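Chain by chain, the residues run as shown.
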Amino acid sequence: MILNITTTHYPATDLGFLLHKHPDKFQTLELSIGKAHVFYPEKGDDRTTISLLLDVDPIDLVRGTRNMAGDGFALGQYVNDRPYVASSFMSVAIAKAFSSAMNGRCKDKPELVDVALPFEVLLTSVPAPKGGETLIRKFFEPLGYTVSLQKHTLDDKFTDWGDSKYFTLRLAHTITTQALLSHLYVLIPALDNDKHYYVNDHEIEKLLEKGKGWLHSHPEKEQITRRYLVHLLSLSRKALDRLNEELPLELTGEAPTETEPGKKKESLHDRRIGLVAEKLVASGAERVLDLGCGEGKLVRQLLKKPQFREIAGMDVSYHELLKARERLHFDEMSPKQKERIQLFQGSLTYRDRRLEGYDAAAVVEVIEHLDVNRLKAFERVLFEFARPKTIVLTTPNQEYNVMWETLEAEDMRHNDHRFEWTRQQFADWAGEIGKKYNYKVEILPVGDEAPGVGAPSQMAIFTYGN
Ligand code: SAH
């Protein structure tokens with residue numbers, strides 16, 4: 001079983017610094033179930049590849065305390081696919097071989113840690129359960145990977161035996177080293193049906209740590225979590241609850257007090273939602289979309305206004321949509337109210353005909369969750385294809401972060417934010433979009449402005465045509 005990681009970043013030999021593995025050395029690491037060898041099959045300034053070769057010892061597998069299930073002797077314990085496939089052993093090897101990189105450290109070239117680099121990954125045999133190809137794509141593609149799969153036949157000499165359950169998997173993405181390794185660490189064992197480890201609360205910690213910043217917004221987070229934790233419902237529920245707690249600082253209402261004494265505190269988010277609703281009313285829209293609706297706070301406000309005949313909420317997260325349904329008390333609504341609402345799952349980075357034909361769309365605190373390299377796709381999806389007459393969009397104002405005491409200057413407000421823009425950056429972006437797609441643009445602050453840094457959040461109102 002081999003894992004190859006290749007970069008074409010220039011000079012590609014930086015991979016040695018990033019992974020803390022010298023390109024001229026062949027290294028062997030001892031694992032509880034065998035060995036892992038690390039070496040470079042190719043190295044050059046244009047292209048460098050590191051290999052992690054897993055050498056699982058079937059005898060160690062059976063002897064070790066963390067062996068596979070089963071009492072006494074069973075041939076299956078000695079003769080199985082474990083030595084040859086990418087499984088949770090690969091995650092153990094990745095964590096051991098590349099621990100500094102996984103923790104976001106690079107001693108000699110720290111400036112590379114946060115840089116997205118062009119990577120290609122080859123995994124020689126990935127065992128895939130039923131519906132394997134779909135599952136592999138569903139896990140990797142939402143994270144931005146280009147996936148290519150080659151299915152293996154059971155035996156080349158007896159093709160009528162059909163296909164095996166093994167794939168060669170190739171991935172390509174421009175991404176940070178830490179994100180790449182974390183994705184592999186979590187997703188490889190989540191694909192595999194057999195786990196070698198004894199699953200306990202400790203695994204939740206590992207999953208949450210390695211899934212930090214990406215798993216909670218992954219559209220398949222439920223399935224990944226369940227599969228990673230070997231379908232143990234109680235553990236999966238615990239993990240999912242904790243994942244969903246990862247809410248943005250300012251969506252939890254911890255914003256600095258902006259209220260007059262004596263008045264009930266209105267969080268920044270409530271104010272923002274109120275302002276968005278007001279602007280949508282002013283636009284005259286009757287059919288509105290809430291894109292990235294989350295648990296449906298805005299949808300709830302819009303329902304109170306009879307002007308809106310149709311309200312559709314879309315989110316990439318099924319879990320958020322379930323929450324929205326619950327919070328809206330959808331099941332108890334009158335048929336007439338129900339008819340006004342639609343909630344559906346979808347991603348803003350793929351063209352979607354369901355988004356066409358609306359008068360207005362809201363995109364509240366969502367774009368900062370999109371990878372910068374998917375932003376262009378989002379722009380086309382919304383401004384070119386869906387093209388509602390009015391778009392009300394908000395995003396944090398990065399300059400305001402200094403006002404949050406609990407936030408380090410260089411931190412973002414939420415660990416799933418991929419970027420946060422200054423007022424100038426936002427205005428530039430909105431201006432360009434306006435020009436390109438023929439929208440008039442108005443920019444407004446959201447929340448009280450502080451001297452020199454502006455308001456905590458910012459809004460752009462786009463109106464189609466001139
Ligand atoms: N608009 C809501 C939620 C903001 S949190 C509110 O203001 O309360 C950001 C939301 O964007 C999350 O619910 C997340 O699931 C969703 N999201 C992230 N990436 C997305 C994508 N590519 N497509 C659709 N929704 C996405």
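Whatever comes next refers back to the structure up there.
Everything quoted here is computed from the prediction, not taken from an experiment.

Describe the overall build of the protein chain, listing the residues and the values that go with them.
In terms of regular secondary structure, the protein chain is built from 16 helices and 14 strands. Residues classed as buried in the protein chain amount to 51% of the 466 residues present. If you take every contact in the protein chain between residues at least 6 apart in sequence, the share linking residues at least 24 apart comes to 70%.

If you had to explain the environment of lysine 109 to someone new, which residues and values would you point to?
With respect to the helices and strands, the residue lysine 109 is situated in the loop between α5 (99-102) and β5 (117-127). Lysine 109 gets classed as partly exposed once you look at its relative accessible area, which sits at 22%. With 95 residues separating them along the chain, lysine 109 and aspartate 14 place their C-alpha atoms 8.3 Å apart. Every residue in contact with lysine 109, bar those within four places of it in the chain, is listed here: Asp14 and Phe17. Within the local environment of lysine 109, its side chain forms a polar contact with the side chain of aspartate 14, the two groups lying 2.9 Å apart.

So what's going on with the sheet that holds strand β10 (residues 341-345)? Which residues, and what values?
The strands that make up a sheet pair up through hydrogen bonds in the backbone, lying either parallel or antiparallel. The seven strands are arranged β10-β9-β8-β11-β12-β14-β13 in an open sheet whose pairing can be described as mixed. Looking along the sheet, the strands with just one partner apiece sit at the ends: β10 and β13 (439-446). Pairs of neighbouring strands in the sheet enclose a mean axial angle of 15°, with direction left out of account. Along the sheet face, helix α13 (residues 318-327) touches β9 (310-315) and β10 and points at about 160° away from the line of β10. With respect to the sheet, helix α16 (residues 423-437) is in contact with β12 (390-396), β13 and β14 (457-464), its orientation differing from that of β14 by roughly 10°.

Tell me about the site of the ligand, and name the residues and values.
Contacts to the ligand come from 17 residues, most closely from His269, Gly292, Asp315, Leu348 and Val364. At a separation of 2.9 Å, a nitrogen atom of the ligand approaches a polar backbone atom of leucine 348. In the model, a nitrogen atom of the ligand is placed 2.9 Å from a nitrogen or oxygen of the valine 364 main chain. A breakdown of the residues in the shell around the ligand according to their chemical character gives seven nonpolar, seven polar and three charged.

Tell me about unusual backbone geometry, and please be specific about residues and values.
The step from tyrosine 10 to proline 11 runs through a cis peptide bond, and the omega angle for that step is -5°. Residue position: proline 11 is located in the loop between β1 (2-7) and α1 (14-18). Despite not being glycine, histidine 329 shows a phi value in the positive range, around 50°. In this structure, histidine 329 sits in the loop between α13 and α14 (335-340). With a phi close to 40°, arginine 387 is a non-glycine residue in the positive phi region. Inspection of the secondary structure puts arginine 387 in the loop between α15 (375-386) and β12.

Break down the pattern of salt bridges for me, citing the residues and quoting the values.
Where charged atoms from two side chains of opposite charge come close, those side chains can pair. Scanning all chains against the criterion turns up 22 salt bridges. Residue arginine 353 is joined to glutamate 356 by a salt bridge in which the shortest nitrogen-to-oxygen separation is 3.8 Å. A residue is classified by how much of its surface remains accessible, and glutamate 356, at 27% relative accessible area, is partly exposed. Close ionic contact of lysine 376 with glutamate 379 constitutes a salt bridge, the shortest N to O distance being 3.9 Å. With lysine 376 and glutamate 379 both in helix α15 and three residues apart, this pair spans about one turn of that helix. Take lysine 376: its relative accessible area is 55%, and that puts it in the exposed class. Connected through shared salt-bridge partners, Glu295, Glu320, Lys323 and Arg327 make up one network.

Could you give an account of α13, naming the residues involved and the relevant values?
Along α13, the residues classified as buried are His319, Glu320, Leu321, Lys323 and Ala324. Remark: histidine 329 follows α13 within two positions and exhibits a positive phi of approximately 50°.

Go over the nonpolar core, please, and point to the residues and values.
Ranked by size, the top nonpolar core spans 62 residues in total, and within it Leu52, Ile94, Phe140 and Leu184 carry the most contacts. Residue contributions to this core peak at nine residues, all from helix α7 (residues 177-191). Leaving out residues up to four positions away in the same chain, isoleucine 94 has contacts with Leu3, Leu52, Ser99, Met102, Leu181, Leu184 and Ile188. Grouped together as the second largest cluster of nonpolar side chains are 31 residues, Phe378, Val381, Trp421 and Trp429 included.

Calculation rules
Residues numbered from 1 in each chain as written. Predicted model: local features only at pLDDT ≥ 70, side-chain atom pairs only at ≥ 80, totals over all residues. Heavy atoms only, no water. Helix = DSSP H or I, 4+ residues; strand = E, 2+ residues; numbered from the N terminus. Buried < 20%, exposed > 50% of the residue type's maximum accessible area, 1.4 Å probe, protein only. Contact = heavy atoms within 4.5 Å. Polar contact = N/O pair within 3.5 Å; in protein donor to acceptor, adjacent residues only side chain to side chain. Pairing = 2+ DSSP bridges. Axes fitted to C-alpha atoms, helices over the stretch in contact; angles between N-to-C directions. Near = heavy atom within 4 Å. Nonpolar A, V, L, I, M, F, W, Y, C, P; charged D, E, K, R; others polar. Salt bridge = Lys/Arg side-chain N within 4 Å of Asp/Glu carboxyl O. Core = buried A, V, L, I, M, F, W, Y, C linked by side-chain atoms within 4.5 Å.

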